[in-house]
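Structural description and commentary
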Amino acid sequence: MADHPTASLDDVVHQKHRLGILTVAAEAKRVEFGYLRSTLELTAGNLSRHIAVLEQAGLVAVEKGYDGKRPRTWVSVTAAGRAALAAEMTALRALVERHVASRA
Amino acid sequence: MADLLDDLTELRRRAREDRHAYPFPLLFFGVASFLAVPLYAPGSASHGFDVRYPVALGLYWSVVLVVGGLATVWWYRRRGARVGIETSTRGYLGALAIGLGGPVVGLALDHLPFRFYSGTGAGLILLAAATVLWRRRAPRAVTLTTAVLGTAVLQHDQPAIGPFIAIGLGLVVLAALEGSTRFTTITAGYLVALCVSAAFTPLEAVTPGTWSLGSVVVLPGSVLVVGGLRGLRRG
C-alpha cells in the first residue's frame, strides 16, 4: 500500500514561513534579508530563527556582506533545498488531490 | 492546504515580478539598431549583402554587443542589489560569448569540404537541439558546442542579421532566467520579426540604398524599442 502523502512532508520545510523562504529563494540566485522580511511580513528576529533552522539543515546558504557601509545578508537556496522544496510541493499537491477525491 | 499552495504561487509570482529588469537590454539594443542604419550604405556589388564600410559595421556591432551585454549584466546586478532579489546572469554571459564567438567559428565554415543544403535550417536545428540539451541539463561542453555551432552556421548563412541573432540568443536566455510571460512574448515577437526581416529585406534591389539594406534593422529594432517601452510603462 502506498504511503499517505503526509509521510513525505518534512518538518523542517513544512513550516509555513520556512516554506515561503525556500519558495522565494528558489526563484532567484540569492535574496536579501530585508526583501524576505517585507515579503513574508515577519519580524527580523523571527525570520533569523527560520533562516537559522534552514541553514542548519543545509537547505539554504547565508552570505553576509556590505553594500557601501550598510551590512546586508543574502540567502540562497542549496541543491538540497531545491530538492526538499520540490518534494514538499509534490506532497502538498498529492494531499490536496486526495482531499478533493475523497469529497467527490 | 489549497490556500497554502495559492499563497506560495503568489509568492513565486511576486518574486519573479520583482526580479524583472528586461526593459534596459531591449531599449539599449533597440536604439543601437537604429543608430546602425547609416552604416548600411550599399557597396559596389549589385547583389547580396554588400555594404560600403563592412569593417566599420562589424566593429560597430562588436562594440554594441560587448558593451550592451556587459551593461545588461551590470544593470541586472544593480537592480538585484537595490530590490533585494538577484537574477543569475551567468547564462546570459554564456549566450553573449556564444553570439560573439559565432562569427569567429563562421570563418572556419568557409573552409569546409562541403556546403549545407540549407545553412539556416541546419543552424536552427542545432540551436533547437542546444535548447533541449540546456533544459535537460546535459553536460555543459556538449550544450555549448552545439550552441556555438548552431549560431555560427546561422550567422554565416544570414550575415545581414548576424548581430540580431546574437541579441536574440541573449534575450531567449534572459527570458528563460526571468520566467516572465511578457518578456517571453516580446522575445518570441522579436524572433518572428527577425525571420520576416531576413526573408523580405530587399538585398537584391536594382539600385540598393542605405534604407534598402538598412531596413533589415527596422523591424527587429522596432520590436525591441516598443517592447522596452511597454516594459517600462508596466514598471
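Anything mentioned here points back to the structure above.
Model, not experiment: these values are computed from the prediction.

Moving on to unusual backbone geometry. Here the phi dihedral of glutamate 41 of chain A falls at roughly 55°; this positive angle occurs in a residue that is not glycine. In this structure, glutamate 41 of chain A sits in the loop between α3 (33–40) and α4 (44–56). Glutamate 41 of chain A sits in the exposed class, given a relative accessible area of 70%. Here the phi dihedral of arginine 137 of chain B falls at roughly 50°; this positive angle occurs in a residue that is not glycine. Looking at where arginine 137 of chain B falls in the secondary structure, it is placed in the loop between α5 (119–135) and α6 (140–157).

Take the pairing of strand β3 (residues 70–77) of chain A next. All names here are of chain A. Counting buried positions over the eight residues of β3 gives six, a clear majority of the element. Both strand β1 (residues 30–32) and β3 contribute to a ladder of two bridges, which runs antiparallel. Across the sheet, the residue bridging to glutamate 32 is tryptophan 74, located in β3. In this structure, strand β2 (residues 60–67) lies alongside β3, joined through eight bridges in antiparallel fashion. The residue bridging glycine 65 from the neighbouring strand is arginine 72, located in β3. Between β2 and β3, which pair antiparallel and follow one another directly, the connecting turn spans two residues, one of which, glycine 68, has a positive phi of 70°.

Residues and elements named next belong to chain B. Applying the stated criterion across every chain, the model contains six aromatic pairs over all chains. Pairing tyrosine 22 with phenylalanine 183 gives two aromatic rings, centres 4.7 Å apart and planes at 10°, and the pair type is stacked. Taken as a pair, tyrosine 22 in the loop between α1 (2–19) and α2 (23–35) and phenylalanine 183 in helix α8 (residues 181–200) lie far apart in primary sequence, 161 residues in all. On the basis of an interplanar angle of 75° and a centroid distance of 5.6 Å, the ring pair of tyrosine 60 and tryptophan 61 is categorised as edge-to-face. Residue tyrosine 60 is classed as partly exposed on the basis of its relative accessible area of 21%. You can call tryptophan 61 buried: its relative accessible area is 3%.

Okay, the sheet that holds β1 of chain A next. Read across the sheet, four strands follow the order β2(A)-β3(A)-β1(A)-β1(B) without closing on themselves; strand pairing throughout is antiparallel. The sheet is open, and its two edges are formed by β2 of chain A together with β1 (85–86) of chain B, each paired on a single side. Set on the sheet, α3 of chain A makes contact with β1 and β3 of chain A together with β1 of chain B; between it and β1 of chain A the angle comes to about 75°.

Reading the values: the criteria
- Residues numbered from 1 in each chain as written.
- Chains lettered and ligands numbered in written order.
- Predicted model: local features only at pLDDT ≥ 70, side-chain atom pairs only at ≥ 80, totals over all residues.
- Heavy atoms only, no water.
- Helix = DSSP H or I, 4+ residues; strand = E, 2+ residues; numbered from the N terminus.
- Buried < 20%, exposed > 50% of the residue type's maximum accessible area, 1.4 Å probe, protein only.
- Pairing = 2+ DSSP bridges.
- Phe/Tyr/Trp six-rings, centres within 6.5 Å; stacked < 30°, edge-to-face > 60°.
- Contact = heavy atoms within 4.5 Å.
- Axes fitted to C-alpha atoms, helices over the stretch in contact; angles between N-to-C directions.

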